[in-house]
Amino acid sequence: MSAPIPASLSMHSLLIGTFAPMLSNLSGLLDKGTQLAQGKGFDSTVLAGARLAPDMYPLARQVQVACELARNSVARLTGQAPAPAQEPGQTIEALKGTLAATIDYLHGIPVTAFDGAETRDIEIPLPNDLVVGMNGARYLRDWALPHFYFHLVTAYDILRHNGVEIGKPDYVAHVGDAIHPRRQ
């Protein structure tokens, strides 16, 4: 079930309220990948290494990057240094552990940690001595959320492409409590 959305949106409610349930949904997608592997008699590690194109990250890295984006977005918006990138787990179980740890971390961030986040200057280093520079509100809207969803949906697509029977209800499972018969 999704957390209630407050009457006025805050950086905390947008970030935590978006990232945590979507990462939980991704964990459910990985469960379905494991079920497919078990049902067809192959090692689910095959799925962790699967990719859509030779020059794209495999599923394991897509999951890792989605988790890193969530954690590093919190760090940047709360005035902390982002953590260094980690090597992704190579099994579905390891990926699920990373997802669970990230979700726990997100739920532990107090609302007050985001005080001033909207106007906080954010800089992201890029290759060739370039940086992306923007305030916190723009960073969340134009960088953090789009990049997070890119890696999340790519993980979904890799699973779907490899025969995992998933659909939109699995991708947005956290809104199931909002679906009901039309009121007359």
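This one's a predicted model, so the numbers in the text were calculated from it and none came from an experiment. Just so you know, the residues in each chain are numbered from 1, in the order the chain's sequence is written. Totals for whole chains, interfaces and linings use every residue, but because this is a predicted model, local features are given only for residues with pLDDT of at least 70 and side-chain atom pairs only at 80 or more, for both listing and counting. Heavy atoms throughout the structure, all of them, feed into the side-chain values; hydrogens and water do not.

Caption draft 1: Layout of the pattern of salt bridges. Criterion for a salt bridge: a side-chain nitrogen of Lys or Arg within 4 Å of a carboxyl oxygen of Asp or Glu. Following the criterion strictly, the structure yields 5 salt bridges and no others. Note that Asp170 and Lys32 form a salt bridge whose closest N and O atoms lie 2.9 Å from each other. One end of the pair, Asp170, is in helix α6 (residues 168-171); the other, Lys32, is in helix α1 (residues 11-40), and 138 residues separate them in sequence. Arg141 is paired through a salt bridge with Asp142; the nearest N and O atoms lie 2.6 Å apart. Relative accessible area serves as the criterion here: at 56%, Arg141 is assigned to the exposed category. Exposure classes here rest on a 1.4 Å probe applied to the protein chains alone. A residue is buried below 20% of its type maximum, exposed above 50%, and partly exposed in between. By relative accessible area, Asp142 is classed as partly exposed at 31%. A single salt-bridge network, built from bridges that share partners, covers Arg138, Arg141 and Asp142. Every helix listed is a DSSP run of H or I at least four residues long, and every strand listed is a run of E at least two residues long, numbered separately from the N terminus.

Caption draft 2: The packing of aromatic side chains, seen in detail. Aromatic rings from Phe, Tyr and Trp, with only the six-membered ring used for Trp, were paired whenever their centres fell within 6.5 Å, and each pair was classed as stacked if the ring planes differed by under 30 degrees, edge-to-face if by over 60, and tilted otherwise. Scanning the entire structure with this criterion turns up 3 aromatic pairs. Between Tyr156 and Tyr171, the ring centres sit 5.8 Å apart and the planes meet at 75 degrees, which makes this aromatic pair edge-to-face. Note that Tyr156 is positioned in helix α5 (residues 136-161) and Tyr171 in helix α6, a separation of 15 residues in sequence. With a relative accessible area of 13%, Tyr156 lands in the buried category. Through a chain of ring-to-ring contacts, the aromatic side chains of Phe19, Phe148 and Tyr149 assemble into a single cluster.

Caption draft 3: Expanded view of the environment of Arg182. Structurally, Arg182 can be placed in the segment after α6. Note: C-alpha distance between Arg182 and Ala70 (112 residues apart in sequence) is 35 Å.

Caption draft 4: Geometry of the nonpolar core. Throughout this description, the term nonpolar core refers to a set of buried Ala, Val, Leu, Ile, Met, Phe, Trp, Tyr and Cys residues connected via side-chain atoms within 4.5 Å. If you look at the biggest cluster of nonpolar residues, it comprises 47 residues, and the most contacted ones within it are Leu15, Leu23, Leu59, Leu77 and Leu106. Looking at this core, the elements that each hand over two or more residues are α1, α2 (45-48), α3 (59-77), α4 (92-107), β1 (121-126), β2 (130-135) and α5. With 11 residues, α1 is the largest single contributor of residues to this core. Between two residues, a contact is recorded if the distance between any of their heavy atoms is within 4.5 Å. For Leu77, the residues in contact, after removing those within four places along its chain, are Met11, Leu15, Phe114, Ala117, Arg120, Ile122, Gly136, Tyr139 and Leu140.

Caption draft 5: Focus on α5. Compared with the 38 Å implied by 1.5 Å per residue over 26 residues, the 35 Å span of α5 between its first and last C-alpha is a close match. Fitting axes to the seven residues ending at a residue and to the seven starting there, one defines the bend at that residue as the angle between these axes. The sharpest bend along α5 measures roughly 30 degrees and falls at Ala144, with the proline Pro146 sitting one to four residues further on. Definition of a polar contact: a pair of N or O atoms within 3.5 Å, with one able to donate and the other able to accept a hydrogen when the atoms are protein atoms, and with sequence-neighbouring residues admitted only if both atoms are side-chain atoms. With a side-chain oxygen positioned 3.2 Å from the backbone nitrogen of Ala137, the residue opening α5 is Asn135. Backbone geometry just after α5 places Gly163 at a positive phi near 95 degrees. One less than the number of residues in a helix, times 1.5 Å, gives the span that helix is expected to have.

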